[in-house]
Amino acid sequence: MELMRGEWKRARSVIVADAPGWSLHRAGHDADAVGYAREAARTGWGNALFRYHRGAIEHAPGLPGTTGTCARRSP
């Protein structure tokens, strides 16, 4: 995670945003992951994998204030 956060500071791209978001989610840190997932989606690039990642993170149990709209939208 330390390397990914360092890369995020150097290159704030959609691909760099998705990687730590998904890694944090898989480690059970959804509150930290959701910001990265939303940043990856913010560009408007309709990548299905990034949408899946964001939807899974936003639907995580115990994550307040999420609507999960990205997982329900069709491309």
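About the cut-offs
Residues numbered from 1 in each chain as written. Predicted model: local features only at pLDDT ≥ 70, side-chain atom pairs only at ≥ 80, totals over all residues. Heavy atoms only, no water. Salt bridge = Lys/Arg side-chain N within 4 Å of Asp/Glu carboxyl O. Helix = DSSP H or I, 4+ residues; strand = E, 2+ residues; numbered from the N terminus. Buried < 20%, exposed > 50% of the residue type's maximum accessible area, 1.4 Å probe, protein only. Expected span 1.5 Å × (residues − 1). Contact = heavy atoms within 4.5 Å. Axes fitted to C-alpha atoms, helices over the stretch in contact; angles between N-to-C directions. Parallel < 35°, antiparallel > 145°, perpendicular 65-115°, else oblique. Left-handed = near helix turned anticlockwise from the far one by under 90°. Nonpolar A, V, L, I, M, F, W, Y, C, P; charged D, E, K, R; others polar.

Undergrad: How should the pattern of salt bridges be read in this particular structure?
TA: Side chains that carry opposite charge are capable of pairing whenever their charged atoms lie near each other. A full pass over the atoms with the stated rule returns three salt bridges. A salt bridge links Glu-58 to Arg-38, with the nearest nitrogen and oxygen atoms 3.1 Å apart. In this pair, Glu-58 sits in helix α4 (residues 48–58) while Arg-38 sits in helix α3 (residues 30–42), placing the two residues 20 residues apart along the sequence. We classify Glu-58 as buried; its relative accessible area is 4%. Among the residues examined, Arg-38 registers a relative accessible area of 33% and is labelled partly exposed. A salt bridge links Glu-58 to Arg-54, with the nearest nitrogen and oxygen atoms 3.0 Å apart. On the criterion of helical spacing, the pair formed by Glu-58 and Arg-54 is a turn pair, its members being four residues apart in helix α4. Residue class for Arg-54 comes out buried when judged on its relative accessible area of 17%.

Undergrad: How do you make sense of helix α2 (residues 14–26) when you look at a structure like this?
TA: An α-helical segment advances 3.6 residues per turn. Residues three or four places apart therefore align on the same side. Here α2 contains 13 residues, and its C-alpha end-to-end distance of 19 Å stays within 8% of the 18 Å for a straight helix at 1.5 Å per residue. Among all positions of α2, only Val-14, Val-16, Ala-17, Asp-18, Pro-20, Gly-21, Leu-24 and His-25 are buried. Buried residues along α2 sit in contact with α1 (2–10), α3 and α4. Looking one or two residues beyond α2, the residue adopting positive phi is Gly-28, at roughly 90°.

Undergrad: Would you explain the packing of α1 against α2 in this entry?
TA: In a pair of packed helices, the angle between the axes and the distance between the axes together describe the arrangement. Between α1 and α2, the least distance of the axes is 9 Å, while the angle of their chain directions is 150°. By the angle between their axes, α1 is roughly antiparallel relative to α2. Note on packing geometry: the crossing formed by α1 with α2 is left-handed. Within the contact between the two elements, α1 uses Met-4, Arg-5, Glu-7 and Trp-8 and α2 uses Val-16, Ala-17, Ala-19, Pro-20, Ser-23 and Leu-24. Residue composition of the contact of α1 with α2, grouped by class: seven nonpolar, one polar and two charged.

Shape descriptors only; they carry no functional weight alone.
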